[in-house]
Amino acid sequence: MTVNFYKNNSEREKMDKDLTETIANLEGVTKAELDILRPVLLLQYTPETYALLLDSNYFYIAETSRYYFMNKDLTIQNNQLIIVSGIVDPLTSHSDTIRAQTAIIQRQENSYNLYLDDGVFKIYQNPIIQQKTFPKGFNLNNYTYVLYTTGHNKIS
Amino acid sequence: MLKHLTVENIEGRRFSIAYSTQNFYSTGVPLSDNAPTSLDPSSFSELASDYPLSAEFRNITYYVLTESSKENAINRLGFTDVRLIYDDFPADTFPLKESKVLINGVWTPFYFETNVSNDGLLVSIVAHDKPQYPFNSGSFIGINARYSNLQSFSYVMGCLINMVSAVYSIAPTCVLVDAAGATIGGISRFHYSAPHYVGVENIYTWFFESRDNNPYDGVPDSSEDGGGGTYDNDSDPIPLPEMPPTLNGSNSFTTLWIPTTAQLNAIGEWFWTDDILTNIKKLFADIVSAVLSLHSIPITIDEFNTAIFNVAGATSTIECRYITNQFYDFDCGSLTIEKYYGSALDQSPHTSYLLYLPFVGSVSIDTDEIVGKTISIRYRIDVVTGGFICYVLINNNVFYTYTGSCSISIPISSANYGDMLLRLLGNAADSVSLVAKNGLSAPVAIGAGAQLALNVMNAKPSISHSGTLSEAYGWLGVTTPYLVIKRPRLSMPKNYQAFGGFPSNMTAKLGDLKGFTVVEQIHIENTNLLEEEIQMVENLLKAGVIL
């Protein structure tokens, strides 16, 4: 079983991981029957390998075609074997398959509609208050007297 | 494994399940030669440990087939209310009977296969001409008509869970297929008359139903409806109305004089000369009777005629201006309400608008009606009375109208002055009353959104900004309309979109998206992922991933 170890510099939920290879093509065997999702591997112990594994947090098994988050409980057995375990990273392992899926998107970084109010925004309790005046108002200096009279007026 | 079945899932629903760690044997027809005739009760030890029975779950009434099943249900699984199904159900509803279906006039044995998914339950009735037992232990078989509502039973996915009840019923979807999977038509009825056989007796079959009846049993079943809307967004224009005809202008009976201050003073002097008093008293009791009103209005009138002032047949030597129109417009101009955030925060109820109108007071305006639009104020004044109607136009369409008075009466007698005082006091009382009732002043709000506008001030208390401002009060108030805008102050962490994203609610191919993404609904298909991986991916996508 061929295993590549990496240092993963990305968030766990990132699909395309930023990986720095620490050990390439290391041969190992599984401790028991291979659990594809949670493999436990036995590797030949050398101080150099152990040191590199301590600097690793991610690995890839060619036979399963899957990436794994490496558990940090490295165990050295009789100075001969290193026991390494991990749990599958399905997001990266199956990125092509996932990218082919269609879904209803709830929230997105770049594709969004801000007129959907999902109540997630937080607002301060001191609101913005503005006053805007209309261009024209009544000028009380420009008033007009109105004298309304009746009774056989002659205006012509 | 039945890991997620809870009281909440099954409350109000009736269904039956049978489960065993051994292969399951169904009903009716003779068993195949290699089928065991009994099941080992000890097989339930694994079931008991794997099956997380909550206390509430144990309190549900369970129905079992046999006394031995009842003992096991009580002693091994801890159920407290276990009854024999024979005791509580009529024989013709008892589910474990021979299973036959009438296909094109021929009674044919059959069995059920079911597939459970989040979309519901698909039941396939597989016809066969000889016993097909045992079923795979992973199968999930049988539905009884009386337990028809199984939509939420999608949790039952474990290989230890088999289901039987079944005999003649139709589940939400029922398809008859042959051994090759092809659909068979012509189903007319199902048959369930024969008793079950030895071997079935020892199946640990649990029938349970929720203890309480649904209190809404009298309500008709939900029905499909909706859709078929026209999506017609057309809106008819409501422009400013035409100027009405003059009914009370200058004519042979009445005259609308608009004297200058000097002209008015001269007229006043002339009024109290002996000649005019003598002449007028021929027709009127006093000079006041010939003067219908004297008041001032807060606008200038540029178009007028001039004539020698005369009243009630008495002619002066004073040249005075007069008009023939009764109504005049005063345009306060327009304001365009720009979007501030360009988001839902600009809309109601987050942002609210209060409009101050001279001689009216402050009124609330429906935020959603004006954001991104132009609001205009136009007064139409009746010169005769000083009354007006104020139009609030949005994009040149009338949305709100308010009425009031903008004149100041000038008393020409003590009685006339008394009337004016009474009118002013009345206005003051009306103003207090309106504030008490509404919490704000909206003297007359006829517009379409007027009532709605009363409610847009969020959860915070709405404070009246002014009362009724008519007549002299209006002259003492602010005489230019203005808007008071109250908008939320957004707290926006830096780079928020990368951590939480913004609302999307769109259907998209995930490969077309970049950055932080939260999926609301997805049906992962065409994959070689393991079942557990599919669940893991769904959980990740719904929690948020970075694509």
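The model shown is predicted, which means the values in this text are computed figures rather than measured ones. (Residues numbered from 1 in each chain as written. Chains lettered and ligands numbered in written order. Predicted model: local features only at pLDDT ≥ 70, side-chain atom pairs only at ≥ 80, totals over all residues. Heavy atoms only, no water.)

Asker: How do you make sense of the overall build of chain A when you look at a structure like this?
Answerer: The helix and strand inventory of chain A stands at 3 helices and 10 strands. Along its sequence from the N terminus, chain A presents helices and strands in the succession β-β-β-α-β-β-β-β-α-α-β-β-β. Put simply, 53% of the contacts in chain A that link residues at least 6 apart link residues at least 24 apart. Counting every atom, chain A has about 8300 Å² of accessible surface; 47% of that belongs to carbon and sulfur. (Helix = DSSP H or I, 4+ residues; strand = E, 2+ residues; numbered from the N terminus. Contact = heavy atoms within 4.5 Å. Areas by Shrake-Rupley, 256 points an atom, 1.4 Å probe, with all protein chains shown as cover.)

Asker: Help me understand the interface of chain B and chain A, please; the structure alone is not making it clear to me.
Answerer: Chain B puts 125 residues into the contact, and the matching count from chain A is 69 residues. Buried surface at the junction of chain B and chain A, both sides included, amounts to about 9200 Å², of which 61% is carbon and sulfur. For chain B, the biggest contributors to the area lost against chain A are Arg 489, Pro 503 and Ile 546 of chain B; these three give 8% of the whole. Seen at the junction of chain B and chain A, the total is 51 residue pairs in polar contact (both at pLDDT 80 or more). In terms of residue count, strand S22 (residues 482–491) of chain B provides more of the side of chain B that touches chain A than any other element does, 10 residues in total. Split by residue class, the side of chain B that touches chain A holds 70 nonpolar, 42 polar and 13 charged. The pairing of strand S8 (residues 102–108) of chain A with strand S24 (residues 516–522) of chain B spans 5 bridges and is antiparallel. (Buried area = accessible area lost by both parts, 1.4 Å probe. Polar contact = N/O pair within 3.5 Å; in protein donor to acceptor, adjacent residues only side chain to side chain. Nonpolar A, V, L, I, M, F, W, Y, C, P; charged D, E, K, R; others polar. Pairing = 2+ DSSP bridges.)

Asker: Even after reading the chapter, I still don't get the sheet that holds strand S19 (residues 387–394) of chain B, so can you show me in this structure?
Answerer: Within a sheet, adjacent strands bond to each other through the backbone by hydrogen bonds, running parallel or antiparallel. Residue and element names in this part refer to chain B. Across the sheet, which stays open at both edges, the 4 strands sit in the order S15-S18-S19-S20 with antiparallel pairing between neighbours. Across the chains shown, the open sheet's two edge strands, defined by having one partner strand only, are strand S15 (327–336) and strand S20 (397–405). The mean angle between the axes of side-by-side strands here comes to 15°, regardless of whether they run parallel or antiparallel. (Axes fitted to C-alpha atoms, helices over the stretch in contact; angles between N-to-C directions.)

Asker: Even after reading the chapter, I still don't get the sheet that holds strand S25 (residues 545–546) of chain B, so can you show me in this structure?
Answerer: Taken in spatial order, the 4 strands line up as S23(B)-S8(A)-S24(B)-S25(B) in an open sheet, and their pairing is antiparallel. If you trace the sheet from one side to the other, it starts and ends with strand S23 (502–509) and S25 of chain B, each paired once. Across the sheet, helix H14 (residues 531–543) of chain B lies against S24 and S25 of chain B, angled at about 125° from S24 of chain B, the strand it touches most.

Asker: Help me understand the pattern of salt bridges in this model?
Answerer: Should the charged atoms of two oppositely charged side chains come close, the side chains can pair. Applying the stated criterion across every chain, the model contains 8 salt bridges over all chains. Residues Asp 118 of chain A and Arg 107 of chain A are paired through a salt bridge, measuring 2.0 Å at the closest nitrogen-oxygen approach. With Asp 118 of chain A in the loop between S8 and strand S9 (122–133) and Arg 107 of chain A in strand S8, this pair connects stretches of sequence that are 11 residues apart. The partly exposed category is assigned to Asp 118 of chain A, whose relative accessible area is 35%. A relative accessible area of 7% places Arg 107 of chain A in the buried class. Note that Asp 329 of chain B is salt-bridged to Arg 378 of chain B, the shortest N-O span being 3.5 Å. (Salt bridge = Lys/Arg side-chain N within 4 Å of Asp/Glu carboxyl O. Buried < 20%, exposed > 50% of the residue type's maximum accessible area, 1.4 Å probe, protein only.)

Asker: I would appreciate a short explanation of the pairing of strand S13 (residues 305–311) of chain B in the present structure.
Answerer: Residue and element names in this part refer to chain B. The sheet contact formed by S13 and strand S14 (residues 314–323) spans 6 bridges and is antiparallel. Bridge pairing links Ala 307 to Cys 320 in S14. Hairpin connection, S13 to S14: the antiparallel pair is bridged by 2 residues, and Ala 312 has positive phi, about 50°.

Asker: Help me out: how do you make sense of the nonpolar core in this one?
Answerer: Side chains of a nonpolar character, in soluble globular proteins, are inclined to be buried together. Counting 40 residues, the largest nonpolar core has Leu 355, Leu 357, Ile 375, Ile 377, Tyr 379, Tyr 402 and Leu 483 of chain B as its most contacted members. For this core, the elements supplying multiple residues, two or more each, are strand S10 (144–150) of chain A together with S15, strand S16 (352–357), strand S17 (361–365), strand S18 (374–382), S19, S20 and S22 of chain B. Excluding residues that lie within four positions of it along the chain, Leu 355 of chain B makes contacts with Phe 134 of chain A together with Gly 361, Ser 362, Val 363, Ile 365, Ile 375, Ile 377, Val 392, Tyr 482 and Leu 483 of chain B. (Core = buried A, V, L, I, M, F, W, Y, C linked by side-chain atoms within 4.5 Å.)

Asker: Is there a simple way to explain the confidence of the model for chain B in this structure?
Answerer: Detailed reading of the predicted coordinates is not advisable wherever pLDDT is low. All names here are of chain B. Averaged over every residue, the pLDDT of chain B is 64; the share at 70 or more is 47%. Low pLDDT (under 50) marks residues 187–213, which in the prediction has 116 contacts with non-local residues, meaning those over four places away or in another chain. Every residue in residues 428–461 scores below 50 in pLDDT, and together they form 59 contacts with partners more than four places removed in sequence or on other chains. What the predictor reports for the complex is a pTM of 0.61 with an ipTM of 0.92. (pLDDT = per-residue confidence, 0-100.)

Asker: I'm lost on a nonpolar patch on the surface in this one. Help?
Answerer: A contiguous nonpolar surface patch, about 200 Å² in accessible area, is contributed by Leu 34 and Ile 36 of chain A together with Leu 530 of chain B. Tracing the backbone through its elements, the reader meets Ile 36 of chain A in the loop between strand S2 (19–30) and strand S3 (40–44). (Patch = residues over 30% accessible without salt bridge, like charges linked within 9 Å, V, L, I, M, F, W, Y side chains within 5 Å.)

Asker: Looking at this structure, I do not really get helix H6 (residues 261–271) of chain B. What am I missing?
Answerer: At 3.6 residues per turn, the α-helix brings residues three or four places apart onto the same side. All names here are of chain B. For H6, every residue scored as buried is listed here: Gln 263, Leu 264, Ile 267, Trp 270 and Phe 271. For H6, the buried positions fall inside an angular range of 120° around the axis, keeping them on one side. Seen from the buried face of H6, the exposed residues on the opposite side, beyond 90 degrees, are Ala 262 and Glu 269. (Arc of directions from axis to C-beta.)

Asker: Which parts of the structure should I look at to understand the pairing of S2 of chain A?
Answerer: Two faces make up the sheet, and in a regular strand the side chains alternate between them. All names here are of chain A. Here 6 bridges tie strand S1 (residues 2–8) to S2, and the two strands are oriented antiparallel to one another. Pairing of Asn 8 across the sheet is with Leu 19, part of S2. Bridge count between S2 and S3: 3 bridges; the pairing is antiparallel. Considered in S3, the bridge of Gly 28 is made with Leu 43.

Asker: Which parts of the structure should I look at to understand the packing of aromatic side chains?
Answerer: What describes a pair of aromatic rings is the distance from one ring centre to the other and the angle between the planes of the rings. In this structure the tally under the stated criterion is 22 aromatic pairs over all chains. Seen in terms of ring centroids, Tyr 340 of chain B and Tyr 341 of chain B are 4.7 Å apart; in terms of plane orientation they differ by 80°. Their pairing is edge-to-face. A relative accessible area of 41% means that Tyr 340 of chain B is categorised as partly exposed. Taken together through their ring pairs, the aromatic side chains of Tyr 6, Tyr 58, Tyr 60, Tyr 67 and Phe 69 of chain A make up a single cluster. Of note, Arg 12 of chain A hangs over the ring of Phe 69 of chain A, and the distance from its end group to the ring centre comes to 3.9 Å. A cation over a ring is seen here: Arg 321 of chain B above Phe 304 of chain B, with NZ or CZ 4.6 Å from the ring centre. (Phe/Tyr/Trp six-rings, centres within 6.5 Å; stacked < 30°, edge-to-face > 60°. Lys NZ or Arg CZ within 6 Å of the ring centre and 35° of its normal.)

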